[in-house]
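Here is how the chains run, residue by residue.
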Amino acid sequence: MTRKNQQAGATIVEAALTLLVLLMFLDAVLEFGRAYNVYEVMTNAAREGARYAVAPAPNTTTLPTTTQVQSQVNSFLASAGVSGATVAVNTTTQTVNNALLTYTSVQVTAPYSFFVPQLLGVRNGTVNLSTSAQMRNETN
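Here the structure is a predicted model, which means the values were calculated and not measured. (Residues numbered from 1 in each chain as written. Predicted model: local features only at pLDDT ≥ 70, side-chain atom pairs only at ≥ 80, totals over all residues. Heavy atoms only, no water.)

Novice: For this particular structure, what's the right way to read unusual backbone geometry?
Specialist: Residues other than glycine predominantly adopt negative phi, and peptide bonds predominantly adopt the trans conformation. Positive phi, normally seen in glycine, also occurs at Asn97, with a value near 50°. For Asn97, the position within the fold is in the loop between β1 (86-96) and β2 (99-118). Of note in the backbone geometry, Asn98 takes a positive phi value of approximately 65° without being a glycine. Within the element layout of this structure, Asn98 appears in the loop between β1 and β2. (Helix = DSSP H or I, 4+ residues; strand = E, 2+ residues; numbered from the N terminus.)

Novice: I tried to follow the packing of aromatic side chains on my own but got confused; where do I start?
Specialist: In this description, an aromatic ring pair is defined by two values, namely the gap between the centres and the angle between the planes. Enumeration according to the criterion identifies one aromatic pair in this entry. Judged by centre distance (6.4 Å) and plane angle (20°), the ring pair of Phe32 and Tyr36 falls under stacked. Taken together, the positions of Phe32 and Tyr36, both in helix α2 (residues 8-54) and four residues apart, correspond to about one turn of that helix. In this structure Phe32 comes out as exposed when scored by relative accessible area, which is 60%. (Phe/Tyr/Trp six-rings, centres within 6.5 Å; stacked < 30°, edge-to-face > 60°. Buried < 20%, exposed > 50% of the residue type's maximum accessible area, 1.4 Å probe, protein only.)

Novice: Even after reading the chapter, I still don't get the nonpolar core, so can you show me in this structure?
Specialist: In globular proteins that are soluble, nonpolar side chains generally tend to be buried together. If you look at the biggest cluster of nonpolar residues, it comprises 21 residues, and the most contacted ones within it are Met42, Val73, Leu77, Val106 and Val108. Residue assignment for this core shows that the elements contributing at least two residues are α2, α3 (66-79), β1, β2 and β3 (121-136). Here this core takes eight residues from α2, the largest share from any one element. Other than its neighbours up to four places away in sequence, Val73 contacts Ala45, Gly49, Val87, Val106 and Val108. (Core = buried A, V, L, I, M, F, W, Y, C linked by side-chain atoms within 4.5 Å. Contact = heavy atoms within 4.5 Å.)

Novice: Where do I start with a nonpolar patch on the surface in this structure?
Specialist: On the surface, Leu19, Leu22, Leu23, Leu26 and Leu30 cluster together into a nonpolar patch covering about 490 Å² of accessible area. Position of Leu30 among the secondary structure elements: in helix α2. The exposure class assigned to Leu30 is exposed, which follows from its relative accessible area of 56%. (Patch = residues over 30% accessible without salt bridge, like charges linked within 9 Å, V, L, I, M, F, W, Y side chains within 5 Å. Areas by Shrake-Rupley, 256 points an atom, 1.4 Å probe, with all protein chains shown as cover. Salt bridge = Lys/Arg side-chain N within 4 Å of Asp/Glu carboxyl O.)

Here you go:
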């Protein structure tokens, strides 16, 4: 046998190992990108919920209820394909320059499912992504 024929299989093995590593890296990049996209959608939903919570209805001083804010945030998330989120709405009061100011914060938490390819199979996993937004009530 010549030297060239002895190494013919080595190229295939090297290509297979390199392709495996490349595909795992590509999968990790895609998964991180999708997770970041979901996080950004959640951040925007929290911001929209906080904005909705602090702005009274036109010509009134009535603010939306917690249920209305949660519904607004959940519809925003549903339009982007994010499901299973929990929405918490909290109101706090602070004194700034002898003025009593009320702030409303909206926190959104949603599970994100991902899979990690392994050499002998696929393992699924879930992490909870969480974000919040806070705004000053406009009735102050």
